[in-house]
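Tertiary structure, described
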Amino acid sequence: MASHIVGYPRMGPKRELKFALESFWDGKSSAEDLEKVATDLRASIWKQMADAGIKYIPSNTFSYYDQVLDTTATLGAVPERYSWTGGEIGLSTYFSMARGNATVPAMEMTKWFDTNYHFIVPELGPNTKFSYSSHKAVNEYKEAKALGVDTVPVLVGPVSYLLLSKPAKGVEKSFPLLSLLSSILPVYKEVIAELKAAGATWIQFDEPTLVLDLDSHQLAAFSAAYTELESALSGLNVLVETYFADIPSESYKTLTSLNSVTAYGFDLIRGTKTLDLVKSAGFPSGKYFFAGVVDGRNIWADDLAASLSTLEALEALVGKDKLVVSTSCSLMHTAVDLVNETKLDAEIKSWLAFAAQKVVEVNALAKALAGQKDEAYFAANAAAQASRRSSPRVTNEEVQKAAAALKGSDHRRATNVSARLDAQQKKLNLPVLPTTTIGSFPQTVELRRVRREYKAKKISEEEYISAIKEEISKVVKIQEELDIDVLVHGEPERNDMVEYFGEQLSGFAFTANGWVQSYGSRCVKPPIIYGDVSRPNPMTVFWSKTAQSMTSRPMKGMLTGPVTILNWSFVRNDQPRFETCYQIALAIKKEVEDLEAGGIQVIQIDEAALREGLPLRKAEHAFYLDWAVHSFRITNSGVQDTTQIHTHMCYSNFNDIIHSIINMDADVITIENSRSDEKLLSVFREGVKYGAGIGPGVYDIHSPRIPSTEEIADRINKMLAVLDTNILWVNPDCGLKTRKYGEVKPALTNMVSAAKLIRTQL
Ligand code: GLN
Ligand code: ZN
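Read on for an overview of the structure. Given the structure is predicted, the values throughout are model-derived calculations rather than measurements. (Residues numbered from 1 in each chain as written. Chains lettered and ligands numbered in written order. Predicted model: local features only at pLDDT ≥ 70, side-chain atom pairs only at ≥ 80, totals over all residues.)

So, on to the overall build of the chain. When you go through the chain residue by residue, the secondary structure sums to 28 helices and 21 strands. The C-alpha radius of gyration of the chain comes to 27 Å, within 12% of the 27 Å expected for a compact globule of 762 residues. Projected onto the principal axes, the alpha-carbon positions of the chain cover approximately 75 × 60 × 50 Å. Taking all 762 residues of the chain together, the buried fraction comes to 48%. Counting only contacts in the chain whose residues sit at least 6 apart along the sequence, the fraction spanning at least 24 positions is 80%. (Helix = DSSP H or I, 4+ residues; strand = E, 2+ residues; numbered from the N terminus. Rg over C-alpha atoms; globule rule 2.2 N^0.38 Å. Buried ≥ 20, exposed ≤ 12 C-beta atoms within 10 Å, placed from the backbone. Contact = placed C-beta atoms within 7 Å.)

See below:
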């Protein structure tokens with residue numbers, strides 16, 4: 001019985017690649033230094049998989065930046081603005097596309113399906129010339145072979161590549177990208193021929209778009225592509241890998257009828273219906289079934305006994321020698337190696353498996369299926385599963401009961417939003433077009449030092465509190481001087497909007513090195529939610545009250561919402577996501593109520609990541625939005641009419657979920673709107689009724705550029721053309737954490753002047 005790994009993290013167990021990349025970009029090390037780090041990382045990954053006994057080991061899943069950008073390089077599809085003149089694409093052109101350079105901006109980056117990874121979006125058009133311009137796939141195959149490891153080279157499949165691309169600048173939005181299929185396939189053929197010549201016997205095409213809602217035209221492209229490649233592929237075993245969801249039955253039919261394809265990979269973790277589909281629709285005889293039973297997107301140790309029985313059921317359907325044990329998707333979406341976790345206690349550690357451990361699990365399952373079960377390994381796993389199920393650290397009866405009571409019920413403030421806004425205005429007495437900010441103020445080196453030293457117990461609690469108080473008072477003074485209407489405390493005590501809360505809630509654990517690549521060299525370290533969530537003590541009340549005591553203006557309490565905490569964490573796999581979300585909602589609700597009791601009249605509950613959690617397929621959107629929005633409402637359904645609830649979201653493309661956003665029933669929403677007023681406002685222009693307060697960001701905080709008063713006034717006027725005067729708020733489009741005071745002060749000065757200017761014109 002064989003084993004396979006879809007892909008592996010690139011960063012290294014201690015983010016070696018990140019540091020090598022950043023040092024190279026800063027000009028502190030050479031290309032050779034960078035290449036050496038990369039070569040060593042690849043070698044150790046291949047060796048690790050080979051030592052574990054994995055049969056089908058992937059190559060070309062390493063990347064200096066992103067696998068889709070690597071494909072763009074392979075195809076020579078470099079946008080004109082990078083002035084590339086042909087030949088093998090080198091690091092400088094490659095990194096210019098990824099990050100921009102002094103004269104040209106980077107290519108756009110967007111989320112890779114529903115993960116937190118971001119890829120570089122190909123820009124294509126009728127004039128794009130394709131030519132084989134990066135031999136990376138072949139080079140990596142040969143590199144592994146020289147080390148004695150025969151790998152399966154992995155390519156982003158041609159159809160997914162086109163479906164994930166966008167029309168280049170100046171090309172009609174309606175340009176049919178799939179029409180480029182016949183132009184890119186010749187390059188794929190060249191790559192395939194070279195791989196064959198180098199000795200490859202297998203090849204893997206990642207076609208994750210197959211799990212999306214595709215129309216018949218898009219599906220036909222798969223048939224066309226793999227038919228066209230048939231002769232090039234002959235003699236090779238060809239694996240088409242899908243992941244992140246079930247594959248719809250129509251797509252399954254198309255896929256399994258492809259002649260040139262000899263193996264199919266399915267995600268059996270997120271694809272909970274695949275097994276039934278195989279049962280009812282059948283599986284082509286003589287082909288391989290790569291069963292993704294080990295979760296590539298989470299950090300839990302696999303329940304090996306359960307996986308084994310799934311695999312046995314599959315074996316009966318697809319044939320004994322045709323079943324291959326695999327991961328649900330690339331392991332790049334989970335943490336790298338548990339060995340480096342020295343701070344997690346032994347019990348929690350026994351419940352976890354990071355990429356390195358998952359490789360071992362995959363192989364153990366394959367061996368067990370082949371009749372060589374490692375009894376001791378399986379017994380230890382079963383014991384860990386049992387301890388996780390029965391641990392009092394996981395289960396909190398009271399929380400379970402409270403959360404269960406929420407299901408099927410509704411929570412909504414009793415009074416409607418316009419009446420609430422009137423009641424709030426009587427107390428707050430704000431001018432029209434009130435000004436505010438999103439929460440954080442610049443995080444200086446000094447501030448980070450104070451937090452670090454406090455955590456390391458190098459400074460006392462008193463010293464820490466007085467340093468943070470001083471920072472808050474500075475931020476309060478600045479805002480008063482700027483004449484901002486609703487103030488924030490600046491979040492100096494937080495290094496991250498989820499971690500800060502996770503650290504104070506029970507049921508959360510934190511890793512030292514559990515990094516996951518987000519984009520390029522950027523990694524995130526999601527908290528692990530392992531148990532029922534509760535809030536033993538108030539989390540923000542002390543700081544908010546302290547801040548409020550420094551000013552007579554309203555001070556916003558500042559919380560992260562349940563959906564965002566959920567979506568930016570590794571979540572439990574032993575209960576549905578919505579249950580965990582409801583638990584977090586109850587914890588945040590307590591905080592909201594304590595803030596209110598503490599005299600805080602305006603409370604912002606950020607749901608920066610609400611949209612990110614949208615399932616890949618439309619049929620599942622309604623269910624998700626329903627519990628996500630419900631969770632948000634739970635947090636504040638108990639407050640008085642006079643308490644003003646704000647929320648903030650980090651994206652402007654919300655037109656498709658506008659009704660859910662209205663259904664959140666917040667009093668005021670501030671949203672990112674930096675790049676286009678048009679997109680956001682069009683939804684209101686089309687007649688959507690919006691009665692709550694709304695602050696579409698009036699300038700882009702992602703850029704150091706300081707917007708002028710006129711420019712901001714102009715944007716406010718555009719918004720006023722669509723939105724009622726009495727609901728519009730004036731604010732930047734996100735937190736100011738990453739900016740410098742030298743940028744923030746003049747930008748906010750101009751923002752307030754613009755609001756004042758327009759107030760005089762009303
Ligand atoms: N309140 C947070 C801040 O200002 C919100 C951050 C976010 O939306 N990503 O930093
Ligand atoms: Zn934001």
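Taken together, 13 residues form the shell around ligand 1, and within it Ile438, Gly439, Ser440, Ala608 and Gly735 come nearest. For the shell around ligand 1, a count of residues per class yields six nonpolar, four polar and three charged. (Near = placed C-beta within 6 Å. Nonpolar A, V, L, I, M, F, W, Y, C, P; charged D, E, K, R; others polar.)

It is worth spelling out the packing of helix 27 (residues 709-720) against helix 28 (residues 741-761) at this point. Between helix 27 and helix 28, whose axes approach to 8 Å, the crossing angle comes to 50°. On the basis of their axis angle, the class for helix 27 and helix 28 is oblique. The element helix 27 and its partner helix 28 pack so that their crossing is right-handed. Within the contact between the two elements, helix 27 uses Thr709, Ile712, Ala713, Ile716 and Asn717 and helix 28 uses Asn750, Met751, Ser753, Ala754, Ala755, Leu757 and Ile758. Its residues assigned to classes, the contact of helix 27 with helix 28 comprises eight nonpolar, four polar and no charged. (Axes fitted to C-alpha atoms, helices over the stretch in contact; angles between N-to-C directions. Parallel < 35°, antiparallel > 145°, perpendicular 65-115°, else oblique. Left-handed = near helix turned anticlockwise from the far one by under 90°.)

We now examine the packing of helix 8 (residues 216-228) against helix 10 (residues 249-256). As a packed pair, helix 8 and helix 10 sit with axes 9 Å apart at the nearest point and diverge in direction by 15°. Judged by the angle between their axes, helix 8 and helix 10 are roughly parallel. Every pair of crossing elements has a handedness; the one defined by helix 8 and helix 10 is right-handed. Contacts from Leu219, Phe222 and Ser223 of helix 8 reach helix 10 at Glu250, Ser251, Thr254 and Leu255.

Right, let's talk about the nonpolar core for a bit. Core analysis: the biggest nonpolar cluster contains 214 residues, and Ala291, Leu365, Ile716 and Met751 have the highest contact counts within it. Leaving out residues up to four positions away in the same chain, methionine 751 has contacts with Thr435, Val698, Tyr699, Ile712, Val730 and Pro732. (Core = buried A, V, L, I, M, F, W, Y, C linked by C-beta atoms within 7 Å.)

Let's shift gears to the sheet that holds strand 20 (residues 668-671). Read across the sheet, five strands follow the order 17-18-19-20-21 without closing on themselves; strand pairing throughout is parallel. The outermost strands of the open sheet, each flanked by one partner alone, are strand 17 (556-560) and strand 21 (693-696). For this sheet the average axis-to-axis angle between neighbouring strands, irrespective of direction, equals 20°. (Pairing = 2+ DSSP bridges.)

Before going further, it helps to examine the pairing of strand 10 (residues 263-267). Across the five residues of strand 10, five count as buried, placing the element largely inside the fold. The alternating pattern of strand 10 places Ala263, Gly265 and Asp267 on one face and Tyr264 and Phe266 on the opposite face, and all of these are buried. Examined bridge by bridge, strand 9 (residues 237-241) and strand 10 share three bridges and lie parallel to one another. Bridge pairing in strand 10 places leucine 239 opposite alanine 263. On the question of chirality, the crossover connecting strand 9 to the parallel strand 10 by way of helix 10 is right-handed. As judged from the five bridges shared by strand 10 and strand 11 (residues 288-294), these two strands associate in the parallel manner. In the strand pairing of strand 11, aspartate 267 is matched with glycine 292. Regarding topology, helix 11 (residues 274-281) serves as the crossover connection from strand 10 to the parallel strand 11, and that connection is right-handed. (Right-handed = clockwise from strand over helix to strand, strands pointing away.)

All right, on to the sheet that holds strand 1 (residues 2-3) then. Read from one edge to the other, the open sheet built from eight strands follows the order 1-12-11-10-9-8-6-2, with strand pairing classed as parallel. On the outer flanks of this sheet lie strand 1 and strand 2 (57-59), each paired with one strand and no other. Pairing geometry for strand 6 (residues 151-156) and strand 8 (residues 202-206), over three bridges, is parallel. When the bridges of strand 8 are listed, valine 154 appears paired with glutamine 204. Across the sheet, helix 5 (residues 136-146) touches strand 2 and strand 6, and the angle it forms with strand 6 is around 165°.

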